[in-house]
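Residue-level structural notes
Each chain, written out:
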There are 2 protein chains.
Amino acid sequence: MATGRTHRPATRSRGIPEATVARLPLYLRALTALSERSVPTVSSEELAAAAGVNSAKLRKDFSYLGSYGTRGVGYDVEYLVYQISRELGLTQDWPVVIVGIGNLGAALANYGGFSARGFRVAALIDADPAMAGKPVAGMSVQHTDDLEKIIEENGVSIGVIATPAGAAQQVSERLIAAGVTSILNFAPTVLSVPEGVDVRKVDLSIELQILAFHEQRKAGEEAAAAAAGGSSVGGAAPAAAVVPPAGRSAAETRKGGPEGDVPAVMPA
Amino acid sequence: MATGRTHRPATRSRGIPEATVARLPLYLRALTALSERSVPTVSSEELAAAAGVNSAKLRKDFSYLGSYGTRGVGYDVEYLVYQISRELGLTQDWPVVIVGIGNLGAALANYGGFSARGFRVAALIDADPAMAGKPVAGMSVQHTDDLEKIIEENGVSIGVIATPAGAAQQVSERLIAAGVTSILNFAPTVLSVPEGVDVRKVDLSIELQILAFHEQRKAGEEAAAAAAGGSSVGGAAPAAAVVPPAGRSAAETRKGGPEGDVPAVMPA
DNA sequence: ATGCCTTTGTGAACGCGTGCACAAAGATTG
DNA sequence: CAATCTTTGTGCACGCGTTCACAAAGGCAT
């Protein structure tokens with residue numbers, strides 16, 4: 001999953017826990033699939049299975065929205081789709097801008113799921129003058145100079161940043177100054193934003209590193225279990241050889257490399 | 001952030017909490033930046049600011065790895081870079097395969113941050129015969145038929161799925177059967193995998209929906225505050241008009257659309 | 001060598017999220 | 001109309017994660 005929100009840590013919005021909000025899109029997707037198959041009702045058990053969560057958790061989540069179920073029957077699919085859509089604010093149109101039209105930015109621009117969810121790509125913006133005017137995903141890329149104008153004229157409140165890390169903070173500041181209050185950040189940097197602005201971060205590199213950690217642990221446990229049948233279950237004796245603690249300079253290895261300077265994908 | 005892990009819910013690995021593991025890459029990035037600037041030591045306060053977290057949290061996180069700091073001074077940057085890299089398993093080479101070379105898959109293949117972190121793209125795989133042999137990011141795309149062979153020959157244990165949702169489950173099963181034990185899933189589906197396999201999910205659509213929720217709440221509060229100076233602070237009276245509860249069919253609106261059938265980006 | 005000052009490492013309290021288990025509610029059947 | 005059966009909604013307990021606050025530890029200046 002894309003990771004972590006910044007700001008508004010414990011501020012339960014209208015009493016709906018953040019963890020629940022994060023699951024609503026999951027339920028919505030499962031419900032939409034059911035709706036397409038014209039299934040009239042679902043039990044919490046079925047829906048929970050489809051969404052990959054615990055049924056008790058699902059019921060508790062729905063209880064925050066109100067009591068939309070019928071005991072002995074389940075939930076009305078259509079009604080629930082509407083209620084969750086409304087709760088998530090998907091019944092209205094959300095114009096978004098994508099800043100940084102590199103590999104990733106272009107890929108995002110082509111994302112079909114945008115319009116299906118009430119999100120409309122209002123503009124594609126890039127700092128490279130050579131990109132300006134170029135067609136991407138059926139739109140013409142615009143230059144960063146016009147960023148403020150674009151935001152204001154389209155009433156954009158959600159911005160997507162897919163620029164290199166070095167540009168992200170500045171871009172976010174311009175977006176926010178122009179009126180944007182929610183940012184989806186693909187650049188591998190920590191954005192510092194004023195209170196009241198929501199930032200969500202998506203970072204491929206971090207996800208892979210987390211997987212690598214678990215992978216290493218699994219390999220270590222396996223090796224330990226295979227070697228000694230004993231009781232030493234800890235993370236001792238990893239399978240692969242590790243570089244000695246002092247015989248290596250991180251600066252040497254990484255200096256000047258692509259280190260953290262690009263988002264999850266190389267921009268142009 | 002990319003969202004949520006599946007499986008191994010409470011299984012603290014070697015005593016390191018999952019939440020801590022998720023932050024280690026963040027620290028590592030900040031430390032690497034310091035290393036490049038040849039900064040010898042950092043205090044928890046400084047590093048925490050750079051990583052965007054609480055300093056107490058950072059110290060506690062590091063305490064799980066052992067005591068690598070010096071009281072009164074701080075942490076040795078180089079040493080800490082090494083320790084975290086080792087803990088995350090980045091001192092070894094991790095071959096990965098990317099399955100589904102559409103817009104997103106291609107963008108991922110071009111991601112420079114892979115190699116910088118010890119991840120090596122071993123192969124690009126697509127089900128479309130027309131894609132086979134085509135060069136993407138300097139590699140030749142291979143056909144799904146050879147998936148098992150590729151996995152085994154390269155000793156791949158981490159797979160990235162960037163296929164349409166419909167293909168994701170089947171792809172994951174083939175990957176797992178061939179030996180993959182960690183999956184990064186960009187397809188908007190819940191993967192069901194056997195125990196011992198780690199799955200992390202990245203879903204652009206979900207991130208945007210979460211932002212929309214907060215955006216709507218902010219707009220509602222603002223409107224409520226502006227209208228009545230009273231005490232009705234709840235989510236009453238959202239700014240935009242909402243469609244009436246019964247006068248709308250979700251199936252009608254979404255039927256046959258790009259609904260959840262593609263990952264965060266349209267594959268070819 | 002001694003005292004001061006900085007910063008770590010952690011004990012303890014608190015709050016959120018999760019999951020169990022069950023009573024209440026409603027449908028359904030005879 | 002009554003009995004039964006299904007499924008919701010939730011009270012409760014538990015565990016993880018976060019944060020505060022402070023004692024211990026080490027460097028540094030005198």
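Scroll up for the structure.
What comes next concerns the included structure.

Conventions we followed
Residues numbered from 1 in each chain as written. Chains lettered and ligands numbered in written order. Predicted model: local features only at pLDDT ≥ 70, side-chain atom pairs only at ≥ 80, totals over all residues. Heavy atoms only, no water. Helix = DSSP H or I, 4+ residues; strand = E, 2+ residues; numbered from the N terminus. Buried < 20%, exposed > 50% of the residue type's maximum accessible area, 1.4 Å probe, protein only. Polar contact = N/O pair within 3.5 Å; in protein donor to acceptor, adjacent residues only side chain to side chain. Contact = heavy atoms within 4.5 Å. Phe/Tyr/Trp six-rings, centres within 6.5 Å; stacked < 30°, edge-to-face > 60°. Axes fitted to C-alpha atoms, helices over the stretch in contact; angles between N-to-C directions. Parallel < 35°, antiparallel > 145°, perpendicular 65-115°, else oblique. Nonpolar A, V, L, I, M, F, W, Y, C, P; charged D, E, K, R; others polar. Near = heavy atom within 4 Å. Pairing = 2+ DSSP bridges. Core = buried A, V, L, I, M, F, W, Y, C linked by side-chain atoms within 4.5 Å. Salt bridge = Lys/Arg side-chain N within 4 Å of Asp/Glu carboxyl O. Arc of directions from axis to C-beta.

In this section: the side chain of A:Gln209. Within the element layout of this structure, A:Gln209 appears in helix H9 (residues 204–227). With relative accessibility at 0%, the residue A:Gln209 sits in the buried group. Here the side chain of A:Gln209 touches A:Ser205 through a polar contact of 2.8 Å, side chain to side chain. With residues near it in sequence (within four places) discarded, A:Gln209 still touches B:Pro25, B:Leu28, B:Leu88, B:Leu90, B:Arg117 and B:Phe119.

Applying the stated rule across the entire model yields six aromatic pairs over all chains. Residues B:Tyr27 and B:Phe62 carry aromatic rings whose centres are separated by 5.2 Å and whose planes lie at 80° to one another, so their mutual orientation is edge-to-face. Of this pair, B:Tyr27 sits in helix H1 (residues 18–36) while B:Phe62 sits in helix H3 (residues 55–65), placing them 35 residues apart in sequence. Like B:Phe62, B:Tyr27 is buried. Residues B:Phe62 and B:Tyr75 carry aromatic rings whose centres are separated by 5.1 Å and whose planes lie at 80° to one another, so their mutual orientation is edge-to-face. Of this pair, B:Phe62 sits in helix H3 while B:Tyr75 is found in strand E4 (residues 74–76), placing the two residues 13 residues apart along the sequence. Among the aromatic residues, ring-to-ring pairing joins A:Tyr27, A:Phe62 and A:Tyr75 into one connected group.

On to the packing of helix H2 (residues 44–51) of chain B against H3(B). Residue and element names in this part refer to chain B. Across the interface, H2 lies against H3 with an axial gap of 8 Å and an inter-helix angle of 105°. Taken together, H2 and H3 sit at an angle that is classed as roughly perpendicular. On H3, the residues that touch Ser44, Glu45, Leu47 and Ala48 of H2 are Ser55, Leu58, Arg59 and Phe62. Looking at side-chain class alone, the contact of H2 with H3 contains four nonpolar, two polar and two charged residues.

With that settled, consider the protein's contact with DNA strand C. Around DNA strand C, the structure places 26 residues, and the nearest of them are A:Lys57, A:Lys60, A:Arg71, B:Ser44 and B:Tyr75. Counting only atoms of DNA strand C within 4 Å of the protein, the sugar-phosphate share comes to 62%. B:Arg59 places a polar side-chain atom, nitrogen or oxygen, 2.8 Å from a base nitrogen of DNA strand C. Residue assignment for the surface near DNA strand C shows that the elements contributing at least two residues are helix H1 (18–36) and helix H3 (55–65) of chain A together with H3, strand E3 (69–70) and E4 of chain B. Examining the composition of the surface near DNA strand C, we find that four residues originate from one element, H3(A), more than from any other. Here the residues of the surface near DNA strand C sort into seven nonpolar, nine polar and ten charged.

A word on the protein's contact with DNA strand D. Close to DNA strand D lie 26 residues; A:Ser44, A:Arg59, A:Tyr75, B:Arg23 and B:Arg71 are nearest. The sugar-phosphate portion of DNA strand D accounts for 62% of its atoms within 4 Å of the protein, the bases making up the rest. At 2.5 Å, a backbone N or O of A:Ser44 approaches a phosphate oxygen of DNA strand D. Here A:Gly72 contributes a backbone N or O atom positioned 3.0 Å from a sugar or linking oxygen of DNA strand D.

All names here are of chain A. Ordered by their spatial adjacency, three strands build an open sheet running E2-E4-E3, and the pairing between neighbours is antiparallel. The sheet is open, and its two edges are formed by strand E2 (41–42) and strand E3 (69–70), each paired on a single side. Where E2 meets strand E4 (residues 74–76), two bridges bridge the pair, whose relative direction is antiparallel. In the sheet register, Val42 faces E4, and the bridge partner there is Tyr75.

Attention shifts here to the nonpolar core. Of all hydrophobic cores here, the largest spans 107 residues; its most connected members are A:Ile84 and B:Ile84. Setting aside residues up to four positions removed in sequence, B:Ile84 forms contacts with B:Leu24, B:Tyr27, B:Leu28, B:Leu31, B:Phe62 and B:Leu65.

All names here are of chain B. The antiparallel open sheet is built from three strands, whose spatial order is E2-E4-E3. The open sheet has two free edges, formed respectively by strand E2 (41–42) and E3, since each of these has just one partner strand. Bridge count for E3 against E4 is two bridges, and the pairing is antiparallel. By the bridge assignment for E4, Thr70 is matched with Gly74. Each of E2 and E4 is contacted by helix H4 (residues 77–88), which is oriented at about 70° to E4, the strand it contacts most.

Here the focus is the pattern of salt bridges. Enumeration over the complete set of coordinates arrives at 14 salt bridges over all chains. Taking the shortest distance from any N to any O, the salt bridge between A:Asp93 and A:Arg120 comes out at 3.1 Å. Taken together, the residues A:Asp93 in the loop between helix H4 (77–88) and strand E5 (94–99) and A:Arg120 in strand E6 (residues 119–126) connect sequence positions 27 residues apart. Taking the shortest distance from any N to any O, the salt bridge between A:Lys218 and B:Asp198 comes out at 3.0 Å. Note that A:Lys218 is positioned in helix H9 and B:Asp198 in strand E12 (residues 198–201), a pairing that runs across two chains. By relative accessible area, which is 11% here, A:Lys218 ends up buried. The network of salt bridges with common partners includes A:Asp198, B:Glu215 and B:Lys218.

Our next topic: H2(B). All names here are of chain B. Those residues of H2 that fall on the buried side of the exposure criterion are Ser44, Leu47, Ala48 and Ala51. All buried residues of H2 fall inside an arc of 100° around its axis, so they share one side. Summarising the geometry of H2, the exposed residues directed more than 90 degrees from the buried face are Glu45 and Ala49. Buried residues along H2 sit in contact with H1, E2, H3, E4 and H4. Gly52 sits one or two residues past H2 and shows a positive phi near 75°.

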